[in-house]
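# Reading the structure
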Amino acid sequence: MQLVMRCDDFGYTPVFNLGLKKVLEHGICTHVELMSDTPGNIDAMETMSKYPWISVGWHQHFRGKPVLPVEQVPSLVNEKGQFKFREVWTKETFNEEARRKKFEGVDYGEMVAELRAELDLFLKHMGRVPDMAGARPGNVAGDATIQVCEEYGIPYQCSRRVGPDGRISEPLEKWKHVKMTTIHQPGHPVYLVRTNEDSYIRNCTYDPLTYVLNDEQHVLDLECGCMAWHPGFYDDYMFEDATYFFDGDKRYFEPSPLVDCAMLCDPRLRQWIKDNKVELISAADAIHGTRNYQNHLRSIGSDLYIGNILA
């Protein structure tokens, strides 16, 4: 079977990027999802300009600030100059209706201008636009993203997705031939809980390596699967920007990126790939039928090149 090993949130901060860079050099990564509006965005783009065999997705969490000056996009920002619809997940806001409400009052023209500026940033620092995007209609950001993806020639909605509730989201008709299925990995919660008294509770049950080695979601039965991870290191910016807030006085912060980083560099993962005759490919390879990732492995004499695995 073919497998895309996807690493998300590249560009969050320069420190976070260090963890993903470790995976790029010493672990398994065939596709990165890059955030273009956060403090580590340019560092991530410049890094990916050196890895043309690894595909890049446009990861739109809107976690940071607009690339354009705030006076040019006033309807997009809050009092701190951040996107006012930035993804902050709570029990109250983690639903589609709440997300739609966050976009009320956002000017469509300003949204389009901002997204064009972000893609121009990719062109300047990465030398190319992203290979794909997850754009979906339903709010002003999704509709604007579809427009600019069409303008810049970026594929979107090109993967079959299995959601946390088991529901399946199909790709657009033009991408029905793409066999890639992106799995929702349930994972196990890993939280550092910060209370008003600054006490810490650690609950570590997240074990992604066991999840992969045991093939808990039968990924090996797929023709082409995509597993998404979040490898990275942490800094104070990310701690203060923690995205999970429950119960009012507690901040739930998820250090699973540290665990993912270790897992993706673990030799047991490498052996699992060889034992199960897995062909690693990039998302762009899956979409366009190319062999850029495998050709790179072949050129460096990697033991993960499918020709060496099957020999």
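Remember, it's a predicted structure, so these values are computed and weren't measured experimentally. (Residues numbered from 1 in each chain as written. Predicted model: local features only at pLDDT ≥ 70, side-chain atom pairs only at ≥ 80, totals over all residues. Heavy atoms only, no water.)

This part takes up the pairing of strand 1 (residues 2-10). Across the nine residues of strand 1, eight count as buried, placing the element largely inside the fold. Relative to strand 14 (residues 279-280), strand 1 is paired through two bridges, and the arrangement is parallel. For glutamine 2, the partnering residue across the bridge sits in strand 14 and is glutamate 279. Of the pairings in the sheet, the one linking strand 1 to strand 2 (residues 31-34) comprises three bridges and is parallel in character. Of the residues in strand 2, the one forming a bridge with cysteine 7 is valine 32. Handedness of the strand 1-helix 1 (residues 14-26)-strand 2 crossover: right-handed. (Buried < 20%, exposed > 50% of the residue type's maximum accessible area, 1.4 Å probe, protein only. Helix = DSSP H or I, 4+ residues; strand = E, 2+ residues; numbered from the N terminus. Pairing = 2+ DSSP bridges. Right-handed = clockwise from strand over helix to strand, strands pointing away.)

Per the stated rule, a full pass over the model turns up nine salt bridges. Where aspartate 8 meets arginine 6, a salt bridge forms, and the shortest distance between an N and an O atom there is 2.7 Å. Here arginine 6 falls in the buried class, since its relative accessible area comes to 11%. Note that arginine 270 is salt-bridged to aspartate 303, the shortest N-O span being 2.9 Å. Residue arginine 270 is found in helix 9 (residues 267-275), and its partner aspartate 303 is found in the loop between helix 11 (292-299) and helix 12 (306-310); the two are separated by 33 residues along the sequence. (Salt bridge = Lys/Arg side-chain N within 4 Å of Asp/Glu carboxyl O.)

Reported here for the second largest pocket is a volume of approximately 230 Å³. Forming the boundary of the second largest pocket are 18 residues, of which Leu24, Gly27, Tyr293, His296 and Leu297 lie nearest the centre. In terms of residue count, helix 1 provides more of the lining of the second largest pocket than any other element does, four residues in total. Partitioned by chemical class, the residues of the lining of the second largest pocket number 12 nonpolar, four polar and two charged. (1 Å grid on protein atoms, 1.4 Å probe; cavity = no way out; pocket = protein on both sides within 12 Å on 5 of 7 lines; lining within 4 Å. Points joined across faces, edges and corners; volume = space filled by probe spheres on them. Nonpolar A, V, L, I, M, F, W, Y, C, P; charged D, E, K, R; others polar.)

The next thing to look at is the side chain of threonine 145. For threonine 145, the location among the structural elements is in helix 5 (residues 140-152). Ignoring sequence-local partners within four residues, the contact set of threonine 145 consists of Trp58, Gln60, Leu115 and Ala135. (Contact = heavy atoms within 4.5 Å.)

Right, let's get into the pairing of strand 2. One face of the sheet, then the other: side chains in a regular strand alternate in exactly this way. Side chains of strand 2 alternate between two faces, with His31 and Glu33 and Val32 and Leu34 buried alike. Alignment of strand 2 against strand 3 (residues 55-58), held across four bridges, turns out to be parallel. If you follow leucine 34 over to strand 3, its bridge partner there is tryptophan 58. Note on the crossover from strand 2 through helix 2 (residues 41-48) to strand 3: the handedness is right-handed.

Packed helix pairs are characterised by how far apart their axes lie and by the angle those axes make with each other. Running from N to C, helix 4 (residues 108-125) and helix 5 cross one another at 45 degrees; their axes reach a closest spacing of 9 Å. As judged from the angle between their axes, helix 4 and helix 5 are oblique. The two elements helix 4 and helix 5 meet at a crossing, and its hand is right-handed. The segment helix 4 lies against helix 5, with Tyr108, Met111, Val112, Leu115, Arg116, Leu119, Asp120 and Leu123 engaging Val140, Ala141, Asp143, Ala144, Thr145, Gln147, Val148, Glu151 and Tyr152. Among the residues making up the contact of helix 4 with helix 5, the classes are represented as 11 nonpolar, two polar and four charged. (Axes fitted to C-alpha atoms, helices over the stretch in contact; angles between N-to-C directions. Parallel < 35°, antiparallel > 145°, perpendicular 65-115°, else oblique. Left-handed = near helix turned anticlockwise from the far one by under 90°.)

So, about the side chain of glutamine 82. By the secondary structure assignment, glutamine 82 is in the loop between strand 3 and strand 4 (89-90). Relative accessible area serves as the criterion here: at 16%, glutamine 82 is assigned to the buried category. For glutamine 82, the contacting residues outside a window of four places in its chain are Gly64, Lys65, Leu76 and Val77.

By themselves, these are just geometric observations and shouldn't be taken as functional.
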